[in-house]
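Descriptive analysis of the structure
Listed below are the residues making up each chain.
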Amino acid sequence: MMSRFLIFGILLTTCSIALASDPSPLQDFCVADPNSPVFVNGVVCKDAKLVKADDFLFRGLHLMGNTHNDVGSNVTSVTVAELPGLNTLGISMARIDFAPWGINPPHTHPRATEVLTVIEGRLLVGFVTSNPENRLITQVLEKGDVFVFPQGLIHFQKNVGNGNALAIAGLSSQNPGVITIANAVFGSNPDIDVDVLAKAFQVDIKVIQQIQSKF
Ligand SMILES: *[C@@H]1O[C@H](CO)[C@@H](O)[C@H](O)[C@H]1NC(C)=O
């Protein structure tokens, strides 16, 4: 009897992990009302009677982002912040532009799986599985190829074609979030104690200070 409860408990736990994603909508739509003073998990709904077609529209993903920066890439996000109609729908998208040899540095989306397709150019992409394997899954993508980065895993892209590259990504959250590894580890505010990072990365404190000074 006891063991049956135990198995049931394990099954429940497994199911709740497997179903971890944005909650399902409880109505046709819940257009975000960014001006509401109420805080909920997500964004409060605008009165459905006041909802307009514009609430479901974002214009401008045909526009190239400016890639003149240290990494040579630019992400244009279309999340609930840019498109209020996405609220409660568990989905968003992004345009990623790459200068020649530009990279989208290693990062993770804490709340979303990402499926990416190359519209123009050639991209080296990859993600790393969790501990203890830390296996790198990597691929070179050509125009029209689609690659998936599983939720939470650290991933990156690099333009390895001749010329600019363009990719479009779909993400399984209205608000996927981004944790750029270098910024979070070396550019936190305030800094993480140098001794913590020196031991974690097995380098001299001076190396850590040098990297911290860049973020
Ligand atoms: C990305 O491009 C937009 C539009 O050109 C620009 O406003 C923004 O500063 C760029 N971001 C980065 C990180 O270069």
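Quantities reported herein were computed from a predicted structural model and do not represent experimental measurements. (Residues numbered from 1 in each chain as written. Predicted model: local features only at pLDDT ≥ 70, side-chain atom pairs only at ≥ 80, totals over all residues. Heavy atoms only, no water.)

Moving on, we come to the overall build of the chain. When you go through the chain residue by residue, the secondary structure sums to four helices and 10 strands. Beginning at the N terminus, the succession of helices and strands in the chain can be written as α-β-β-β-β-β-β-β-β-β-β-α-α-α. Taking the principal axes of its C-alpha atoms as reference, the chain extends roughly 60 × 55 × 35 Å. For the chain, the proportion of its 215 residues judged to be buried stands at 30%. Across the chain, contacts joining residues at least 24 apart in sequence account for 68% of those joining residues at least 6 apart. (Helix = DSSP H or I, 4+ residues; strand = E, 2+ residues; numbered from the N terminus. Buried < 20%, exposed > 50% of the residue type's maximum accessible area, 1.4 Å probe, protein only. Contact = heavy atoms within 4.5 Å.)

With that settled, consider the sheet that holds strand E7 (residues 146-149). Here five strands make up an open sheet; going across it, the order is E1-E2-E9-E4-E7 and the pairing antiparallel. This sheet does not close on itself; its edge strands, each paired only once, are strand E1 (73-78) and E7. On average, each strand axis in the sheet is tilted by 20 degrees relative to the strand beside it, whichever way the strands run. Pairing of strand E4 (residues 114-120) with strand E9 (residues 165-171) involves six bridges; the strand directions are antiparallel. Paired with Val-115 across the two strands is Gly-170, which belongs to E9. (Pairing = 2+ DSSP bridges. Axes fitted to C-alpha atoms, helices over the stretch in contact; angles between N-to-C directions.)

On to the sheet that holds strand E5 (residues 123-128). Taken in spatial order, the five strands line up as E6-E5-E8-E3-E10 in an open sheet, and their pairing is antiparallel. Only two strands of the sheet have a single neighbouring strand rather than two, namely strand E6 (136-141) and strand E10 (179-180). Where strand E3 (residues 103-108) lies against strand E8 (residues 154-159), three bridges are found, and the strand directions are antiparallel. Of the residues in E8, the one forming a bridge with Asn-104 is Gln-157.

Across four bridges, E4 lies against E7 in antiparallel orientation. Across the sheet, Glu-114 pairs through a bridge with Phe-149, a residue of E7.

With respect to the helices, strands and loops of the structure, Gly-126 is situated in strand E5. Ignoring sequence-local partners within four residues, the contact set of Gly-126 consists of Leu-136, Ile-137, Thr-138, Phe-149, Ile-154, His-155 and Phe-156.

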